[in-house]
Amino acid sequence: MTSLLIKNASQVVSPQAQVFRGKELGNLIVERDASIHIENGSIRAVGPFPELETAITNETTIIDAGGRVVMPGFVDSHSHLVFGGNRANEFAERCRGVSYEEIARRGGGIASTVKAIHQSPKEAIKKQAHLNLRRALNQGITTMEIKSGYGLSKETEIKLLEIITELKEEQPIELTATFLGAHAVPKGKNKTEYISEVLEMMPDASKYAQFCDVFCEEGYFSAEESKMILEAGKKAGMLPKMHVNQFHEIGGIQAAIEVGAVSADHLEVMNEQGIDLLAQTDIACTFLPGVSFFLNIPYAPARKMIDAGCIPALATDFNPGSSMTLSMQLLISMACTQMQVSVEEAICASTQNGALALQKSRVGCLLPGWQADLLILDTDNYRNMAYFFGENHIAAVIKKGKLVAQLKESA
Ligand code: NIG
Ligand code: FE
């Protein structure tokens, strides 16, 4: 049995178990001057040190939080972390005023990364992914989803899913794979042809991927096509997720509801009807403020959606084109200042609600019986994480009860 006691936390912060939406979402549990006892990777108790002290044995490792905050590890439920090369030059063009959509029309964008993937040996792709996973861990991400989608051929899509599966065993972040064969239509193929290929990839993809995703957008896949692809994904055993309403409303929300999507992601362009429809479902509405910031497009109407009763999740969308960040802390800050989300709601959206978007139970809260994925921050007040923006506040990362990253010694 392994036993770990973290003592002397100024605040132990946690969402309330199973509270995913509504006014209650903002009511974080904040235990002051508390300790946490962890056994075999799960939290056994949270409370004042004298109450937990009796459980200490010779085998117990003790970590002194040094009067700092302890909170759940971040669950990043939407990323494209496995990619080749980078798009720094396209970024420079965008800074000169060329739009993301224009770059895609010229043959750049997703197609550039697809080209880079096709030119990179598997080991090089993996090396870059490892580097980025280490960055993610150091930013406090303890659970993460990664999509394929830069292969766009059977061989390379499966290769990307294989890489994600190998990465699961090779580093501490808990990974979930998503098949995003329908990310774009590859150059030189017509869409009908490519959709049939995506359908043919499904049986193999489902050996690796828990979820199937589609980029439902003008110029990519229509609502009808998305539904058909996701239904086929379901038949192959993959749960549906969707990129919807990033640039245009093309009926993606209806499609997400009809297909029973686990999450609907992006949602930058929303009308009242779409908000009301989503509010009546259990679909996690995943906001990706990094994209709005990076592409200078509108932010999703998160405040309106939370008030309407939608389930908010917050994720990086880490990818080389539209969101080159792994800082959930910065995204929390953006959610607060740009989307009028409270710090407390943003924390819930990036922990327990992210876990919901990945269908993971007992992840994202610091409560007895929950998985011991937690962060020690370098501050005594959790609100500093959003307030002092652009700073990495992570001092230490604990995954399933094991110290997996130590960035700052105790204060
Ligand atoms: O989630 N929206 C589509 N896909 C990614 C961007 C992909 C890229 O530009 O490489 C996204 O924003
Ligand atoms: Fe994405």
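Here is what the cut-offs are and how they apply
Residues numbered from 1 in each chain as written. Chains lettered and ligands numbered in written order. Predicted model: local features only at pLDDT ≥ 70, side-chain atom pairs only at ≥ 80, totals over all residues. Heavy atoms only, no water. Phe/Tyr/Trp six-rings, centres within 6.5 Å; stacked < 30°, edge-to-face > 60°. Buried < 20%, exposed > 50% of the residue type's maximum accessible area, 1.4 Å probe, protein only. Lys NZ or Arg CZ within 6 Å of the ring centre and 35° of its normal. Pairing = 2+ DSSP bridges. Helix = DSSP H or I, 4+ residues; strand = E, 2+ residues; numbered from the N terminus. Axes fitted to C-alpha atoms, helices over the stretch in contact; angles between N-to-C directions. Contact = heavy atoms within 4.5 Å. Domains from an automatic or database assignment. Buried area = accessible area lost by both parts, 1.4 Å probe. Salt bridge = Lys/Arg side-chain N within 4 Å of Asp/Glu carboxyl O. Polar contact = N/O pair within 3.5 Å; in protein donor to acceptor, adjacent residues only side chain to side chain. Near = heavy atom within 4 Å. Areas by Shrake-Rupley, 256 points an atom, 1.4 Å probe, with all protein chains shown as cover. Core = buried A, V, L, I, M, F, W, Y, C linked by side-chain atoms within 4.5 Å. Arc of directions from axis to C-beta. Donors = N, O, S within 2.8 Å, 3.2 Å for Na, K, Ca; no water.

Quick notes on the packing of aromatic side chains
Logical step 1: Inspection of the entire model under this criterion finds 4 aromatic pairs.
Logical step 2: Ring geometry for F215 against Y220: centres 4.4 Å apart, planes inclined by 45 degrees, an arrangement best described as tilted.
Logical step 3: By relative accessible area, which is 3% here, F215 ends up buried.
Logical step 4: For R94, the ring lying beneath its charged end belongs to F294, and the centroid distance is 4.8 Å.

Comments concerning the sheet that holds strand β15 (residues 402-406)
Logical step 1: Ordered in space as β3-β2-β1-β4-β13-β14-β15, the 7 strands form an open sheet in which the pairing is mixed. Both edges of this open sheet fall to β3 (42-47) and β15, since each of them pairs with a single strand only. Neighbour to neighbour, the strand axes of the sheet diverge by 30 degrees on average, direction disregarded.
Logical step 2: Packing of helix α5 (residues 122-138) onto the sheet brings it into contact with β14 (394-399) and β15, and relative to β15 it is tilted by some 100 degrees.

Overview of the domain arrangement of the protein
Logical step 1: Under the domain assignment, the protein is made up of domain 1 (3-73 + 364-406) and domain 2 (75-357).
Logical step 2: Centre-to-centre separation of domain 1 and domain 2, based on C-alpha positions: 29 Å.
Logical step 3: With 35 residues of domain 1 at the interface, the matching set in domain 2 holds 31 residues.
Logical step 4: Summed over the three residues of domain 1 that lose the most area to domain 2, namely F20, R21 and L25, the buried surface amounts to 25% of that side.
Logical step 5: Linking domain 1 to domain 2 there are 3 salt bridges.
Logical step 6: A salt bridge links K399 to E174, with the shortest nitrogen-to-oxygen separation between them at 2.7 Å.
Logical step 7: If you look at where domain 1 meets domain 2, you find 18 residue pairs in polar contact (both at pLDDT 80 or more).

Concerning the site of ligand 1
Logical step 1: For ligand 1, the set of nearby residues contains 15 residues, the closest of which are R87, Y100, Y150, D317 and S322.
Logical step 2: In the environment of ligand 1, an oxygen atom lies 3.3 Å from a nitrogen or oxygen atom belonging to the side chain of H80.
Logical step 3: A distance of 3.1 Å is found between an oxygen atom of ligand 1 and a side-chain nitrogen or oxygen belonging to H266.
Logical step 4: Here ligand 1, which alone exposes 330 Å², has 100% of that area covered by the protein.

Notes on the nonpolar core
Logical step 1: Counting 103 residues, the largest nonpolar core has V82, M144, F179 and L267 as the members making the most contacts within it.
Logical step 2: Taken together, domain 1 (3-73 + 364-406) and domain 2 (75-357) each give at least three residues to this core, which thus spans both.
Logical step 3: Beyond its immediate sequence surroundings of up to four residues, F179 is in contact with S148, E157, L161, V198, M201, M202, A205, A209, F211, C212, D213 and M238.
Logical step 4: Residues I6, A65, A372 and I398 belong to the second largest nonpolar core, which totals 18 residues.

Some thoughts on helix α9 (residues 252-259)
Logical step 1: Regarding α9, the residues found buried are G252, I253, A255, A256 and V259. Looking down the long axis of α9, one finds its buried residues gathered within 160 degrees of arc, a one-sided arrangement.
Logical step 2: For α9, the secondary structure elements touched by its buried residues are β8 (211-216), α8 (223-235), β9 (239-244) and α10 (272-279).
Logical step 3: Directly after α9, the chain includes G260, whose backbone phi takes a positive value near 75 degrees.

Here we look at the pattern of salt bridges
Logical step 1: The full count for this structure, using the stated rule, is 27 salt bridges.
Logical step 2: For the salt bridge of K126 with E166, the shortest nitrogen-to-oxygen distance reads 2.7 Å. One end of the pair, K126, is in helix α5; the other, E166, is in helix α6 (residues 154-170), with 40 residues separating them in the sequence.
Logical step 3: Assessed through its relative accessible area of 27%, E166 is described here as partly exposed.
Logical step 4: The partner of E170 in a salt bridge is K126, and the shortest N-O contact between them spans 2.9 Å. Taken as a pair, E170 in helix α6 and K126 in helix α5 lie far apart in primary sequence, 44 residues in all.
Logical step 5: With relative accessibility at 40%, the residue E170 sits in the partly exposed group.

Here we look at the coordination of the iron ion (ligand 2)
Logical step 1: Of the protein atoms, only H78 (NE2), H80 (NE2), H243 (NE2) and D317 (OD) coordinate the iron ion (ligand 2), at distances of 2.1 to 2.3 Å.
Logical step 2: Sequence positions of the residues that donate to the iron ion (ligand 2) give the spacing H-x1-H-x162-H-x73-D. Here D317 lies in the loop between β12 (311-314) and α13 (328-339) and H78 lies in the loop between β5 (74-76) and α2 (88-95), a separation of 239 residues in the sequence. In terms of burial, H78 and D317 fall into one category: buried.

As for the environment of Y299
Logical step 1: Within the fold, Y299 resides in the loop between α11 (289-295) and α12 (302-308).
Logical step 2: Between the C-alpha atom of Y299 and that of Q371, which follows or precedes it by 72 residues, the distance is 32 Å.
Logical step 3: Apart from the residues lying within four places of it in its own chain, the contact partners of Y299 are E268, P289, S292, F293, M334, Q338 and M339.

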